[in-house]
Amino acid sequence: MSLFADHSRDALRAAYREAWRKWRERLPLQPLEAQIADVIAEHPEYQPLLQSEDALLQDFPTPAGSENPFLHMGLHLALREQLSTNRPAGISAIRERLARRLQSGHAAEHRMIEVLASVLWEAQRGGHAADDAAYLERLRQL
């Protein structure tokens, strides 16, 4: 299952919802579904949303509105992909150091996805690719 490529907002949200349903019902999960379910399990505040069909249509306006839970969980998944491949090189060591200092891998991820979101927003706004060196430097400063 490809999560990000060629999927509409509704299809992405349905994939999250389905992964969570299968996890709750203890059904077999595809590898990506298991990753999604792991992220959802770490966010109990989002679980009711994923059990309500109407909530999947909800908008999450920013900056004045509430955080978009789908964006938040997607950033966790993107970061975990970076960590699994250690790309950009050195990101895994940064996460390990930060997790030790914060005494929580999940808290470390939250700090790191704030930086990831900022770097991606800046790249999108500037119409260029994200700068891996600048990204790593900002992560090292956490």
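Below is a summary of the structure that appears in this document. (Residues numbered from 1 in each chain as written. Predicted model: local features only at pLDDT ≥ 70, side-chain atom pairs only at ≥ 80, totals over all residues. Heavy atoms only, no water.)

### Quick look at the side chain of glutamine 82
Looking at the element boundaries, glutamine 82 is found in helix H4 (residues 69-85). Classification of glutamine 82 by relative accessible area gives buried; the value is 17%. Residues contacting glutamine 82, with those up to four places away along its chain left out, are Arg87, Pro88, Ile91, Leu116 and Tyr135. (Helix = DSSP H or I, 4+ residues; strand = E, 2+ residues; numbered from the N terminus. Buried < 20%, exposed > 50% of the residue type's maximum accessible area, 1.4 Å probe, protein only. Contact = heavy atoms within 4.5 Å.)

### Details of helix H1 (residues 9-24)
When the terminal C-alpha atoms of H1 are compared, their 23 Å separation across 16 residues agrees well with the 22 Å that a helix rising 1.5 Å per residue should span. When H1 is considered as a whole, its buried residues turn out to be Leu12, Arg13, Ala15, Tyr16, Ala19, Trp20 and Lys22. Where the residues of H1 are buried, they touch helix H2 (31-41), helix H3 (47-50) and H4. Once H1 ends, the next one or two residues include arginine 26, with phi positive near 55°. (Expected span 1.5 Å × (residues − 1).)

### Re the packing of aromatic side chains
Each aromatic ring pair is specified by the distance between its two centres and by the angle formed by the two planes. Scanning the entire structure with this criterion turns up 2 aromatic pairs. Considering the side-chain rings of tyrosine 16 and phenylalanine 70, the 5.7 Å spacing of their centres and the 85° angle between planes classify their relative orientation as edge-to-face. Of this pair, tyrosine 16 sits in helix H1 while phenylalanine 70 sits in helix H4, and the two are 54 residues apart along the sequence. According to the relative accessible area criterion, phenylalanine 70 is buried, its value standing at 8%. With centroids separated by 4.6 Å and ring planes inclined at 10°, the aromatic side chains of tryptophan 20 and tryptophan 23 adopt a geometry described as stacked. Of this pair, tryptophan 20 and tryptophan 23 both sit in helix H1, 3 residues apart, which is roughly one turn of that helix. Overall, tryptophan 20 belongs to the buried group, its relative accessible area being 3%. (Phe/Tyr/Trp six-rings, centres within 6.5 Å; stacked < 30°, edge-to-face > 60°.)

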